[in-house]
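# Architecture at a glance
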Amino acid sequence: MTFRLGLTGSIGMGKSTTAAMFRELGVPVWDADDTVHRLYAKGGAAVAPVAAILPEAIRDGAVDRDVLRAAMKTDPELLGRLERVVHPLVAADRAQFCRDHGQAPLVVLDIPLLFETGGQAGVDAVLVVTTDPETQRARVMARPGMTEALFDQIVARQVPDAEKRARADHVIETKTLEQTRASVADLVKRLSGGGDGDA
């Protein structure tokens, strides 16, 4: 029986880096953001449903996310309508991934908005990655195009880090790469071996 570990964490907490460490250890990782990018790309399954909702968002056969973001600012109901067509496609992709890796002792489902979307119901345990607020802010502010206002806006939409940690089955501090890598290796060993998820 494959153990499904949900990986989440607020922006700037080191989630992508941690996911890469699981991959390095041979653990299959499903990435929610990558899946949405594929669905929105030319030929992707979300292009036609999005076109039916917002035709002007389609450019060269793909969904233009900048157009979507701009439209959401003027139409507060647009996000909900988009989620109703995109979320089932994402869920189907995730289910197919789990079937494809049904022989693996452990798979990681990398879902940024795991708690926000109720995704914890579909995993066997939740891993939250975290760091101190100063490190988080410094990491995010180093990203191209990031502003203090945008950072605050993103954080406000996410479940607070303290609440995520309180609801998690496992927590990894991502202060240093060495510490994070050691914690990931230890967790993989425990979950792949017993599969009971006890911390």
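Overview of the structure.

Rules behind the numbers
All chains use their own residue numbering, which begins from 1 and follows the written sequence. Two thresholds apply to this predicted model, a pLDDT of at least 70 for residue-level local features and 80 or more for giving and counting side-chain atom pairs, whereas whole-chain, interface and lining totals are computed over all residues. Only hydrogens and water are removed before side-chain values are computed, so all heavy atoms of the structure are retained for them. Whenever Lys or Arg places a side-chain nitrogen within 4 Å of a carboxyl oxygen from Asp or Glu, that contact is recorded as a salt bridge. The helix and strand labels rest on DSSP assignments: H or I over at least four residues marks a helix, E over at least two residues marks a strand, and numbering proceeds from the N terminus. Burial classes: relative accessible area under 20% of the type maximum marks a residue as buried, over 50% as exposed, and values in between as partly exposed (1.4 Å probe, protein chains only). Working definition of a nonpolar core: buried Ala, Val, Leu, Ile, Met, Phe, Trp, Tyr and Cys residues. They are joined through side-chain atoms within 4.5 Å. The contact criterion used is simple: two residues touch if any of their non-hydrogen atoms lie within 4.5 Å. Strand pairing is defined by DSSP finding a minimum of two bridges between the two strands. Helix axes use the C-alpha atoms of the stretch in contact, all axes being lines fitted to C-alpha atoms, and the angles between their N-to-C directions lie in the range 0 to 180 degrees.

Our focus in this paragraph is the pattern of salt bridges. Two side chains that carry opposite charge are able to pair once their charged atoms sit near each other. All told, the structure shown has 14 salt bridges when counted by the stated rule. Glu116 is paired through a salt bridge with Lys164; the nearest N and O atoms lie 3.6 Å apart. Of this pair, Glu116 sits in the loop between strand 5 (106-110) and strand 6 (125-130) while Lys164 sits in helix 8 (residues 161-167); the two residues are 48 residues apart in sequence, bridging distant segments of the chain. The exposure class assigned to Glu116 is partly exposed, which follows from its relative accessible area of 26%.

With 31 residues, the main nonpolar core has Trp30, Tyr40, Val50, Leu54 and Leu68 as its most contacted residues. For this core, the elements supplying multiple residues, two or more each, are helix 2 (32-40), helix 3 (47-53), helix 4 (65-74), helix 5 (78-100), strand 5 and strand 6. Looking at this core, the element that brings in the most residues is helix 5, giving five residues. With near-sequence residues (within four places) excluded, Tyr40 lies in contact with Ala46, Val47, Val50, Ala62, Val63, Arg65, Leu68 and Val86. With 19 residues, the next largest nonpolar core counts Phe3, Leu5, Ile172 and Val188 among its residues.

Going residue by residue along strand 7 (residues 170-173), you find His170 and Ile172 tucked away on one face and Val171 and Glu173 left uncovered on the opposite face. Relative to strand 7, strand 6 is paired through four bridges, and the arrangement is parallel. Across the sheet, residue Val129 finds its bridge partner in strand 7, namely Ile172.

Right, let's get into the sheet that holds strand 2 (residues 29-31). Pairing within the open sheet is parallel, and its five strands lie in the order 2-5-1-6-7. Of all strands in the sheet, those bounded by a partner on one side alone are strand 2 and strand 7. Neighbour-to-neighbour, the strand axes of the sheet open up by a mean angle of 25°, direction not taken into account. Sheet topology places strand 1 (residues 3-8) next to strand 6; four bridges connect them, and they run parallel. When the bridges of strand 6 are listed, Gly6 appears paired with Val126.

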